[in-house]
Amino acid sequence: MTDILIDTSNGVVTITLNRVDKKNSITADMYACMADGLAAAKDNAAVRVVVFQGHETIFSAGNDIGDFLNAKPSTEDAPVFRFLRGIATFPKPLVAAVCGPAVGVGTTMLFHCDLVYAGDNAAFSMPFVNLGLCPEAGSSLLVPQMMGYHRAAEALLLGEPFMAEAAMEVGLVNRVVPPTEANAVAQSQARKLAAKPLSSLIETKRLMKKGQSAQVLTQIGEEAVSFGRMLREPAAREAFTAFMDKRRPDFSKM
Ligand code: COA
């Protein structure tokens, strides 16, 4: 599919979000394509690293809001959940290059990446509450853990965006670079990883993550139940309809 480009070169699989006219918002088909790409990369012994990247003006506007209205994920096998479990359990290194807005899953997926390089225009946000929803991708566990509770509350309760430098300060981003260089820096770091022994990469990542990998999967499951219910409730319907109608949502009666 052209909305997701998957390229393999010298042990590095690069997954590019390529729906720039819709701000790289992610449809069910795109989640399916990325989930399949991750599964193939996991099973292919020649692949050592996966890189996610977007465009230098936009990483991702998060889930496609039309899909939230018309194609809600309803089973555990829904493409979005396959994708989230795929990144949360991916055994090999994941690298991301992020420029411009990274909204919703555009930010939460980064908590599952091992290295993140951001353009100085990167703006991270998790406005789930503003959409009548709750966090996903394990972010209700991972964001407070990484940022501390009070900064997490600003990000998750107020839905306030934070920029690349702030993301680096809390440890979500490894390095801030000019947007024109972010993809190249991520590729260069991925090539360094790809030159290392795969078994050592996998074992080191497993050991770093093992303390909480089961807890993360449990949290993703619990969030998915709440998120799935809230997608069908009036607050979310109002938020999505308002976005489509290009007006401010009115939550005064909810
Ligand atoms: N789902 C579906 N379409 C989206 C989208 C989304 N999440 N985000 C943007 N788009 C579409 C817009 O509807 C618009 O389409 P149109 O040209 O047919 O009208 C196009 O992408 C450009 O978006 P626009 O809002 O005009 O761009 P912008 O540069 O002013 O703002 C964002 C960029 C990312 C800040 C803004 O689009 C935004 O906030 N998007 C919604 C983010 C969101 O709430 N995501 C869900 C997270 S759970």
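Look up: the structure comes first, before these words.
Description of the structure in this document. Residues take numbers from 1 onward in each chain, read along the sequence in its written order. In view of the model being predicted, local features appear only for residues whose pLDDT reaches at least 70, and side-chain atom pairs are presented and counted only at 80 or more, with totals across whole chains, interfaces and linings using the full set of residues. Side-chain numbers come from the whole structure's heavy atoms, not from hydrogens or water.

## Overview of the layout of surface pockets
Right, so step 1: Here the largest pocket defines a volume of roughly 810 Å³.
Right, so step 2: Using protein atoms alone on a 1 Å grid, points that fit a 1.4 Å probe yet trap it form a cavity, whereas open point sets bounded by protein on both sides within 12 Å along at least five of seven lines form a pocket; residues with an atom within 4 Å of a point count as lining. Taken together, 35 residues make up the lining of the largest pocket; nearest its centre are A61, N63, I65, L131 and F243.
Right, so step 3: Sorting the residues of the lining of the largest pocket by element identifies α2 (65-70), α3 (79-88), α10 (213-231) and α11 (234-245) as the ones contributing at least two each.
Right, so step 4: At four residues, the largest contribution of residues to the lining of the largest pocket is made by α10.
Right, so step 5: Ten residue types, Ala, Val, Leu, Ile, Met, Phe, Trp, Tyr, Cys and Pro, are classed as nonpolar, four, Asp, Glu, Lys and Arg, as charged, and the remainder, Gly among them, as polar. Taken together, the residues that form the lining of the largest pocket break down as 22 nonpolar, six polar and seven charged.
Right, so step 6: Grid points are joined across faces, edges and corners, and a volume is the space filled by probe spheres set on the points. What the second largest pocket holds in volume is close to 670 Å³.
Right, so step 7: Looking at the second largest pocket, it is lined by 26 residues, and the ones nearest its centre are D114, K205, R206, M208 and K209. A run of H or I in DSSP becomes a helix once it reaches four residues, and a run of E becomes a strand once it reaches two; helices and strands are each numbered from the N terminus.

## Regarding the pairing of strand β3 (residues 49-53)
Right, so step 1: Per-residue accessibility, obtained with a 1.4 Å probe over protein chains only, is compared with the maximum for each type, and a residue is labelled buried under 20%, exposed over 50%, and partly exposed between these values. The buried count for β3 comes to five of five residues, which makes it a mostly enclosed element.
Right, so step 2: Note on pairing: DSSP must find at least two bridges between two strands before they are called paired. With five bridges connecting them, strand β2 (residues 12-17) and β3 associate as parallel partners. Along β3, the bridge assignment pairs T16 with Q53.
Right, so step 3: A crossover counts as right-handed when, viewed with the strands pointing away from the observer, the path leading from the first strand over the helix to the second turns clockwise. Once the chain exits β2 it traverses helix α1 (residues 28-43) before rejoining the sheet at β3, and the crossover so formed is right-handed.
Right, so step 4: Of the strand pairs in this sheet, β3 and strand β4 (residues 94-98) are connected by four bridges, and their pairing is parallel. Bridging from a neighbouring strand, F52 pairs with A96 of β4.

## Digging into helix α9 (residues 198-209)
An α-helical turn contains 3.6 residues, so a residue and the one three or four places further along point in the same direction.
Right, so step 1: For α9, with 12 residues, the first-to-last C-alpha span of 17 Å sits near the 16 Å given by 1.5 Å per residue.
Right, so step 2: Every buried residue of α9 is listed here: L198, L201 and K205. The arc that holds every buried residue of α9, seen down its axis, measures 65 degrees, which confines them to one face.
Right, so step 3: Residues of α9 that are buried sit in contact with β4 and α8 (179-194). A helix is expected to span 1.5 Å multiplied by its residue count minus one. Working note: the arc is built from the helix axis to C-beta atom directions. Here, residues are in contact when the closest pair of their heavy atoms is within 4.5 Å.

## Considerations on the site of the ligand
Right, so step 1: Close to the ligand lie 15 residues, the nearest being K22, A61, N63, I65 and K246.
Right, so step 2: In protein, a polar contact requires one atom able to donate a hydrogen and another able to accept it; more generally it is a pair of N or O atoms within 3.5 Å, and residues adjacent in sequence count only if both atoms are side-chain atoms. Between the ligand and K22, the relevant distance is 2.5 Å, taken from an oxygen atom to a side-chain nitrogen or oxygen of the residue.
Right, so step 3: I65 is positioned such that a nitrogen or oxygen atom in its backbone is 2.8 Å from a nitrogen atom of the ligand.
Right, so step 4: Areas reported as accessible are Shrake-Rupley estimates using a 1.4 Å probe. Residue values count occlusion only from the protein chains shown. Contact with the protein chains covers 65% of the free accessible surface of the ligand, which is 870 Å².
Right, so step 5: Pocket or cavity membership: a molecule qualifies when more than half of its atoms sit within 2 Å of the grid points of that site. In this structure, the ligand is accommodated by the largest pocket.
Right, so step 6: The residue makeup of the shell around the ligand, split by class, is seven nonpolar, three polar and five charged. Any residue with a heavy atom lying within 4 Å of a molecule or strand is counted as near it.

## Here we look at the sheet that holds strand β9 (residues 175-177)
Whether parallel or antiparallel, the strands of a sheet pair through hydrogen bonds between backbone atoms.
Right, so step 1: Strand order across the open sheet formed by six strands is β1-β2-β3-β4-β6-β9, with mixed pairing between neighbours. Unpaired on one side and paired on the other, β1 (4-9) and β9 mark the two borders of the sheet. The mean inter-strand angle of the sheet, taken between neighbouring strand axes irrespective of direction, is 20 degrees.
Right, so step 2: All axes are obtained by fitting lines to C-alpha atoms, using only the stretch in contact for helices, and the reported angles, taken between N-to-C directions, cover 0 to 180 degrees. In this fold α1 packs onto β1, β2, β3 and β4, with an angle of close to 15 degrees to the strand it touches most, β1.

## A look at a nonpolar patch on the surface
Right, so step 1: Only residues whose relative accessible area exceeds 30% and that form no salt bridge enter a patch; like-charged residues are grouped when within 9 Å of one another, and nonpolar side chains (Val, Leu, Ile, Met, Phe, Trp, Tyr) when within 5 Å. A pair is scored as a salt bridge if a Lys or Arg side-chain nitrogen falls within 4 Å of a carboxyl oxygen belonging to Asp or Glu. Among the surface-exposed residues, V129, Y149 and L157 lie close enough to one another that they form a single nonpolar patch of about 320 Å² accessible area.
Right, so step 2: Assignment of secondary structure puts Y149 in helix α6 (residues 149-156).

## Let's talk about the packing of helix α5 (residues 139-147) against α10
Right, so step 1: Remark: α5 packs on α10, axes separated minimally by 8 Å, with the N-to-C direction vectors making an angle of 125 degrees. Taken together, the axis directions place α5 and α10 in an arrangement best described as oblique. Facing α5, whose interface residues are S139, S140, L141 and L142, α10 presents Q215, V216, Q219 and E223.
Right, so step 2: A class-by-class count of the residues in the contact of α5 with α10 yields three nonpolar, four polar and one charged. Any angle that falls under 35 degrees is termed roughly parallel, while one over 145 is termed roughly antiparallel, one within 65 to 115 roughly perpendicular, and all others oblique.

## Digging into the side chain of Q187
Right, so step 1: In this structure, Q187 sits in helix α8.
Right, so step 2: Setting aside chain neighbours within four positions, we find Q187 in contact with V12, T14, V51 and Q53.

## Remarks on the sheet that holds strand β8 (residues 162-163)
Right, so step 1: On the basis of which strands lie adjacent, the open sheet formed by three strands has the order β5-β7-β8 and mixed pairing. Bordering the open sheet on either side are β5 (101-103) and β8, each of which pairs with just one other strand.
Right, so step 2: Here β5 pairs with strand β7 (residues 123-125) via three bridges, running parallel. Within β7, the residue paired with A102 across the bridge is F124.

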